[in-house]
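Understanding the architecture of this molecule
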Amino acid sequence: MTVTISQEKSGFQPSTRIIEELKLLEKVAKKVIVGSKTVGDIKYTAILIKGMPLSSKKFTVSNTDVLFLLPPDYPRLPPIGCYLNYPWNTVGEGDHHFTRQSYYGAPFLSTQGWYWYCVGLGGGFNQDVWLNSWRPSHNPEKGHNLATLFVTARHAINSED
């Protein structure tokens, strides 16, 4: 399991908090690339997980890349959902969380090949409710973090519910 920090031309360097969380994430994700992504006037920390396995009962492909855009005030607020790198067609009736649109203020990245998936750690996507259901801790190992986000997204994406 590897984590690569993409410094690009910007000299991007993740915060100490994100570095601590990346250590937790690399225990559950194979290959992680971290960098920055600016959308409009907002600069996000971009967490790219390569090759997440997909359920053969739900998908016609075996894996996808997953992208989380961490808001500037992360970890106080979580990212709004995540993105998959291809508009996969699901088997059967599909998945109502994968609309190929973005909602709740999440950036629209379909023109860049990223398709939004509605997933979070409970409470919907109302900022007041986030503050009650998203519970990071001063110690990343004891609260919500990048690993809990990824495991939740992986389960939701692969779930047949």
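Located above this text is the structure these notes cover.
The notes below deal with the structure included here. No experiment lies behind these values; they were computed from the predicted model shown.

So, about the overall build of the chain. Scanning the chain from terminus to terminus reveals 3 helices and 6 strands. Listing the helices and strands of the chain from first to last along the sequence gives β-α-β-β-β-β-β-α-α. Evaluated residue by residue, the chain yields a buried proportion of 46% over its 161 residues. For the chain, the proportion of contacts with a sequence separation of at least 24, taken over those separated by at least 6, is 56%. Total accessible area on the chain stands at roughly 8600 Å², and carbon and sulfur atoms take up 50% of it.

What follows concerns helix α1 (residues 16–25). Along an α-helix, residues three or four positions apart point the same way, because every turn accommodates 3.6 residues. Every buried residue of α1 is listed here: Arg17, Ile18, Glu21, Leu22, Leu24 and Leu25. Looking straight down α1, one finds its buried side chains confined to an arc of 155 degrees; they lie on one side.

Burial of strand β4 (residues 63–70) is extensive: 7 of the 8 residues sit out of reach of the surface. Pairing between strand β3 (residues 42–53) and β4: 7 bridges, direction antiparallel. Within β4, the residue paired with Ile49 across the bridge is Val66. Here 2 bridges tie β4 to strand β5 (residues 82–84), and the two strands are oriented antiparallel to one another. Bridge pairing in β5 places Val66 opposite Leu84.

It is worth spelling out the pattern of salt bridges at this point. Taken as a whole and assessed by the stated rule, the structure comprises 3 salt bridges. Across the pair Arg76 and Asp73 runs a salt bridge, and its minimum N-O distance is 3.0 Å. Looking at Arg76, the relative accessible area reads 45%, which means it is partly exposed.

Moving on: the packing of α1 against helix α3 (residues 146–158). In the contact formed by α1 and α3, the axes pass within 7 Å of each other and the chain directions differ by 45 degrees. Put simply, α1 runs oblique to α3. Of the residues in α3, those in contact with Ile18, Glu21, Leu22, Leu24 and Leu25 of α1 are Leu146, Ala147 and Phe150. Along the lines of polarity and charge, the residues of the contact of α1 with α3 split into 7 nonpolar, no polar and 1 charged.

A separate point is the side chain of Asn158. Residue position: Asn158 is located in helix α3. Here Asn158 falls in the buried class, since its relative accessible area comes to 18%. Those residues in contact with Asn158 that lie beyond four places of it in its chain are Met52, Pro53, Leu54, Ser55, Lys58 and Phe59.

So, about unusual backbone geometry. Here the amide bond leading from Tyr74 into Pro75 is cis, since omega sits at 15 degrees, within 30 degrees of zero. Mapped onto the elements of the fold, Pro75 is located in the loop between β4 and β5.

Ranked by internal contacts, the top residues of the largest apolar core, which has 27 residues, are Leu25, Ile47, Ile49, Phe68, Leu146 and Ile157. Looking at this core, the elements that each hand over two or more residues are α1, β2 (31–39), β3, β4, β5 and α3. With 5 residues, the single largest contributor to this core is α3. Aside from chain neighbours lying at most four places away, what touches Ile49 is Leu25, Ala29, Lys31, Val32, Thr64, Asp65, Val66, Phe68 and Phe150. In this structure, Leu67, Ile80, Leu109 and Trp116 belong to the second largest nonpolar core, which totals 12 residues.

How each quantity is defined
Residues numbered from 1 in each chain as written. Predicted model: local features only at pLDDT ≥ 70, side-chain atom pairs only at ≥ 80, totals over all residues. Heavy atoms only, no water. Helix = DSSP H or I, 4+ residues; strand = E, 2+ residues; numbered from the N terminus. Buried < 20%, exposed > 50% of the residue type's maximum accessible area, 1.4 Å probe, protein only. Contact = heavy atoms within 4.5 Å. Areas by Shrake-Rupley, 256 points an atom, 1.4 Å probe, with all protein chains shown as cover. Arc of directions from axis to C-beta. Pairing = 2+ DSSP bridges. Salt bridge = Lys/Arg side-chain N within 4 Å of Asp/Glu carboxyl O. Axes fitted to C-alpha atoms, helices over the stretch in contact; angles between N-to-C directions. Parallel < 35°, antiparallel > 145°, perpendicular 65-115°, else oblique. Nonpolar A, V, L, I, M, F, W, Y, C, P; charged D, E, K, R; others polar. Core = buried A, V, L, I, M, F, W, Y, C linked by side-chain atoms within 4.5 Å.

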